[in-house]
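What follows is the residue order along each chain.
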Amino acid sequence: MTEFVIHGIPGSPYVRAPLLALEEKGLPWRLAAVPMGGNRMPDYRAIHPFRKIPTLDHGDFRLYETRAILNYLDRIAPEPALTPTDPCQAARMDQLIGITDAYLAHRVSGPLTFPRMVAASFGMPVDDDAVAAAIPAATEVVDEVARLLADQPFMAGDALSLADLMLAPHLVFLPHFAEGAAILAPHANLAAWIERMEARPSMKATTWDRLREGIAVQETVAA
């Protein structure tokens, strides 16, 4: 099958989600790395008119918006299926993806994970007061995700779904910084889900370090 090219910033949860889907389905892919902030540069507008990430190229077909990319991958490579056939489970999957976009990204990843896990690694200043102020809203989101997960092995039931692939790149950071660990602490079910997701080969293949290693190899070959 023709290689899938994902344009995006390594480490972005929205870039990692389609990479997870490609890995879960055993499809060939390459990350066309965009530098931090590079999506806001004029050249990237030729790829994405709104300058967001990621963008998918599959042959001569170009697609942006993470949910659209995930659905496309699940339709053209239907095995293993990542959308439940049960209507209630499919609706729960859609709900959790919506929660990711509307609340989790804006209340957890943006104000907590970025300053604690990303800004620090790039030597960027961190506003500790802003981080502290974001904790109540972030807690509300994590509490609700844990409630919806309940005692299921995966977000929409017994099988991995697109909801897991959307949520995992955001939530796996929680145990690794103090505020995230405190928010996660009351939810043993969600902590166990994070451990299960982290153990998946698709997650191991798409870590920040692995992606940077892959980019370095690509650059060496190109040189």
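Residues numbered from 1 in each chain as written. Predicted model: local features only at pLDDT ≥ 70, side-chain atom pairs only at ≥ 80, totals over all residues. Heavy atoms only, no water.

(A) Geometry of the packing of aromatic side chains. As enumerated under the stated definition, the model contains two aromatic pairs in all. Centre to centre, the rings of Phe50 and Tyr64 are 6.1 Å apart; their planes meet at 80°, and the pair counts as edge-to-face. Note that Phe50 is positioned in the loop between β2 (29-33) and β3 (55-58) and Tyr64 in strand β4 (residues 61-64), a separation of 14 residues in sequence. Owing to a relative accessible area of 55%, Phe50 belongs among the exposed residues under this scheme. Look at Tyr64 and you get partly exposed, because its relative accessible area is 28%. Taken together, a centroid distance of 5.0 Å and an interplanar angle of 45° make the contact between Phe61 and Tyr72 tilted. With Phe61 in strand β4 and Tyr72 in helix α2 (residues 66-76), the pair connects residues that are eleven residues apart, well separated along the chain. (Phe/Tyr/Trp six-rings, centres within 6.5 Å; stacked < 30°, edge-to-face > 60°. Helix = DSSP H or I, 4+ residues; strand = E, 2+ residues; numbered from the N terminus. Buried < 20%, exposed > 50% of the residue type's maximum accessible area, 1.4 Å probe, protein only.)

(B) Structural view of the side chain of Ser202. On the secondary structure map, Ser202 appears in helix α8 (residues 201-204). Here Ser202 is in contact with Leu20, Glu23 and Glu24, once residues within four sequence places are set aside. (Contact = heavy atoms within 4.5 Å.)

(C) Just a nonpolar patch on the surface, in detail. Where nonpolar side chains cluster on the molecular surface, the patch consists of Met36, Phe114, Phe122 and Met124 and spans about 350 Å² of accessible area. The topology assignment puts Met36 in the loop between β2 and β3. Its relative accessible area of 42% is what places Met36 among the partly exposed residues. (Patch = residues over 30% accessible without salt bridge, like charges linked within 9 Å, V, L, I, M, F, W, Y side chains within 5 Å. Areas by Shrake-Rupley, 256 points an atom, 1.4 Å probe, with all protein chains shown as cover. Salt bridge = Lys/Arg side-chain N within 4 Å of Asp/Glu carboxyl O.)

(D) Spotlight on helix α7 (residues 188-198). Turning to α7, its buried residues are Leu190, Trp193, Ile194 and Met197. One side of α7 holds all its buried residues, which, seen down the axis, span an arc of 100°. Of the residues in α7, the exposed ones pointing more than 90 degrees away from the buried face are Ala188 and Glu195. Against the buried residues of α7 lie α4 (128-149), α5 (162-171), α6 (178-184) and α8. (Arc of directions from axis to C-beta.)

(E) Representation of the pattern of salt bridges in the model. All told, the structure shown has nine salt bridges when counted by the stated rule. Here Asp94 and Arg67 are joined by a salt bridge, their closest N and O atoms 2.7 Å apart. Of the two residues, Asp94 sits in helix α3 (residues 87-119) while Arg67 sits in helix α2, which places them 27 residues apart along the sequence. Overall, the relative accessible area of 37% leaves Asp94 in the partly exposed class. Given the relative accessible area of 24%, Arg67 is considered partly exposed. Between Arg116 and Asp128 there is a salt bridge; the shortest N-O distance is 3.0 Å. Of this pair, Arg116 sits in helix α3 while Asp128 sits in helix α4, and the two are twelve residues apart along the sequence. With a relative accessible area of 24%, Arg116 lands in the partly exposed category. Judged by relative accessible area, which is 46%, Asp128 ranks as partly exposed.

(F) Summary view of the nonpolar core. Residues Val145, Met155, Leu171, Leu190 and Trp193 are the most contacted members of the largest nonpolar core, which totals 64 residues. Put simply, the parts of the chain that give this core at least two residues each are β1 (4-8), α1 (13-24), α2, α3, α4, α5, α6 and α7. In terms of residue count, α4 provides more of this core than any other element does, nine residues in total. When sequence neighbours within four positions are dropped, the list of residues in contact with Leu190 reads Val142, Val145, Ala146, Leu149, Met155, Leu171 and Leu184. (Core = buried A, V, L, I, M, F, W, Y, C linked by side-chain atoms within 4.5 Å.)

(G) Highlighting the pairing of β3. The alternating pattern of β3 places Thr55 and Asp57 on one face and Leu56 and His58 on the opposite face, and all of these are buried. As judged from the four bridges shared by β1 and β3, these two strands associate in the antiparallel manner. Across the sheet, the residue bridging to Ile6 is Leu56, located in β3. Alignment of β3 against β4, held across four bridges, turns out to be antiparallel. Bridged to Asp57 within β4 is Arg62. In this antiparallel pair of consecutive strands, β3 and β4, the connection spans two residues, and Gly59 shows a positive phi of 65°. (Pairing = 2+ DSSP bridges.)

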